[in-house]
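# Structure assessment
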Amino acid sequence: MPTAWGASDAQAAIRNATGGVDFIGNYQKGISCGVTNVLGHLVDNDRFCSDAIKSGMAFLDDAKRDMAKIQIPVTWLYGKYDDWINPGRIRDIMSIKAKGPREVVELPTGHMPTTNEEALQTYRLITKYIWRYLFIEDTEILDSPPSGATKLRNAEWSRTPKSAIRNQTDYWEKYLLGQGQLEIGFDVMAETQEYQGFMAKQIELLEIHSRELVGDLGSGTGLFNQALMNDEKYRRLFRSSNGSCPKILTVDFVNSALEKSRQRLSRVAAHHDLNEGCFEFRLANLEVSRLKPIWRLLQGEYFSVTKLKGKIEGLPDYSVDLWTKDYSEFLHEILRGKILTSKDVRRLHKEFSRGEAEIILDMNRAARFVLKKLVAEDFKDPRQFCHVLEGNHLDYSKLDTSLLRFGKLNFRKSTLDLSLPFQDAQFHKILSSIVLSYLFNPEESLQEFHRILKPEGKLVVSTFRPDVDMSRVYTRLIQQVETNPDYVIPHNMTRDDFLNAVRSFANSAAFLLHLEEEGHFRFLSRVELKTLLESAGFDRINLYDSFGYPPQAYIAVASK
């Protein structure tokens, strides 16, 4: 009976996941915990603790008792770098005398496999042990085709209800800043050794010099500026008042985060006598208008509708496959913005199912927006049509897709401004730290980064790796705070308040990873990151592992 990445007992599992809070121990003492957020999920702790105790799954002694009863072979696999579990407790359980043999295997992974090779290694081991038990012999284990596994994963996730992010700005504001007075949001990350080393590496790779314009695109709360100013070597560059200092343009789309970044910089500049005029701040969204793929289709840049796969939210791959299979002149005209008659609509519903017809009508409406052929019926509120009417023509500069009727596709608040708000060849260097994954069409943003870089300009961009495992990062920070009496608590907080802030951000980060699993975001592999950069026109691409050990992020350096 192989078991992979299992927890030894509920008490240890919940204590590790919450950074040391012993819900089950408290419950035994009569302390009610109520509903709390545990790694991004709301848990009714009183009910959880009651069920765990009644089911005999709460304590280490429960697990030992059950293990003694299992008469078949047991092989327990766990990740060497998984700080959500305690290997000592696993070995304690497996040392119990029983009729069946016991074996503990340590894998060089974290909480879960984070690469195809790690997953395959686990699959081979589990299959080997099952085969050996059934047939009393070893055999060669053949890997399943990666394409089949990917197809199965996508099919399973397509049937799973997804979390909704109704307001992206609000979501990121809470993630970056926290939700209460005693929360500090993403600033928790700056306290970890892993993030400090990661940011230092990005700064090193940027190689900032005098008179350069550097864009910090997707700045969050300004941790790049903070890390930069923590180094005296860089502080010297920003003390010049003769115009030779570098210029840093700090950009984010969450205004409150940008304001926090501005205030942070002002404090540091005053403390170190820096030229604050070397820093500018701008509110801007780094996501290119979601109408850009529609524009590319209409311009003939996409030779086939298959190029639309993955580029429009709400457009399933199977819909594109259906169009490709039954492509016709009629469909061609609709997708390219034909003004439809009632006869056209009836024919569309006759040839396609209701859901597919709605998707095609959404595509037609988006195409007519790009072509500036909207009519009153396209608006959620037809009266809005009159509000943006200038004479006999619509003022498209006042329009975005949130005003229009879209049943299946989601273009959010896209406008006909299809470029980022920066000039051609504006920057000498660009940093975009852990941002690409949260943009729906990262390839479009990278093409814009290429446009706004000067010739020979440098881009430093980073991403978490797929299935990133933050267990070590958070548990190590919590252990430092709890065990080191000399640890300097930031933000003038008490030790307990800071620990609660760390736990709160761990919950937010865990929910973000859950959103990545659901497909809202996409963390990139080494190959995917390099491929995106190459497609955007960059060359001399070098990639580096970073963010702790095992590394949880990739940093790419590329040139224009």
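Not measured: the values here are computed from a predicted model. (Residues numbered from 1 in each chain as written. Predicted model: local features only at pLDDT ≥ 70, side-chain atom pairs only at ≥ 80, totals over all residues. Heavy atoms only, no water.)

### Structural notes on the sheet that holds strand β6 (residues 213–217)
One open sheet holds the 7 strands; their spatial order is β8-β7-β6-β11-β12-β14-β13, and the pairing between them is mixed. Looking along the sheet, the strands with just one partner apiece sit at the ends: β8 (279–283) and β13 (539–546). Along the sheet, successive strands turn relative to each other by an average axial angle of 15°, direction set aside. Note: β6 against strand β7 (residues 247–252), 5 bridges, orientation parallel. The residue of β7 that forms the bridge with Leu217 is Val251. Of the strands in this sheet, β6, β11 (427–432) and β12 (453–464) touch helix α19 (residues 442–452), which is tilted by about 150° from β12. (Pairing = 2+ DSSP bridges. Helix = DSSP H or I, 4+ residues; strand = E, 2+ residues; numbered from the N terminus. Axes fitted to C-alpha atoms, helices over the stretch in contact; angles between N-to-C directions. Contact = heavy atoms within 4.5 Å.)

### A word on the environment of Gly185
Along the chain, the position of Gly185 falls in the loop between α8 (168–177) and α9 (193–206). Residue class for Gly185 comes out buried when judged on its relative accessible area of 6%. Residues Gly185 and Ala506, spaced 321 residues apart in sequence, show a C-alpha to C-alpha distance of 9.4 Å. Among all residues touching Gly185, those that are not within four sequence positions of it are Tyr175, Leu176, Leu177, Gly178 and Phe505. (Buried < 20%, exposed > 50% of the residue type's maximum accessible area, 1.4 Å probe, protein only.)

### Looking at the state of the cysteines
Inspection of every chain in the model, using the stated rule, returns 1 disulfide. Of the cysteine sulfurs around Cys49, a residue in no disulfide, the closest is that of Cys33, at 5.9 Å. Its relative accessible area of 0% is what places Cys49 among the buried residues. (Disulfide = S-S within 2.5 Å.)

### Some details on the packing of helix α20 (residues 471–483) against helix α21 (residues 495–518)
Remark: α20 packs on α21, axes separated minimally by 10 Å, with the N-to-C direction vectors making an angle of 175°. Accordingly, the angle class assigned to the pair α20 and α21 is roughly antiparallel. Residue-level contacts link Tyr474, Leu477, Ile478, Val481 and Glu482 of α20 to Arg495, Phe498, Leu499, Val502, Arg503, Phe505, Ala506 and Ala509 of α21. (Parallel < 35°, antiparallel > 145°, perpendicular 65-115°, else oblique.)

### Thoughts on the pairing of β8
Regular strands place their side chains on alternate faces of the sheet. Examined bridge by bridge, β7 and β8 share 5 bridges and lie parallel to one another. Each bridged residue has a counterpart across the sheet, and for Val251 the counterpart in β8 is Arg282. Taking the sense of rotation as the criterion, the β-α-β connection linking β7, helix α12 (residues 255–272) and β8 turns out right-handed. (Right-handed = clockwise from strand over helix to strand, strands pointing away.)

### What about the nonpolar core?
Side chains that are nonpolar tend, in soluble globular proteins, to be buried together. Ranked by internal contacts, the top residues of the largest apolar core, which has 66 residues, are Phe224, Leu228, Phe464 and Phe547. When residues of this core are assigned to their parent elements, the largest contribution, 9 residues, is made by α21. In terms of nonpolar packing, the next biggest core, distinct from the first, is built from 36 residues, Leu315, Ala357, Leu374 and Leu399 among them. (Core = buried A, V, L, I, M, F, W, Y, C linked by side-chain atoms within 4.5 Å.)

### Here's the deal with unusual backbone geometry
A cis amide bond links Tyr549 to the next residue, Pro550, at an omega of -5°. Relative to the assigned elements, Pro550 resides in the loop between β13 and β14 (553–559). The phi dihedral of Arg540 falls on the positive side, at around 50°, and the residue is not glycine. Mapping Arg540 onto the fold places it in strand β13.

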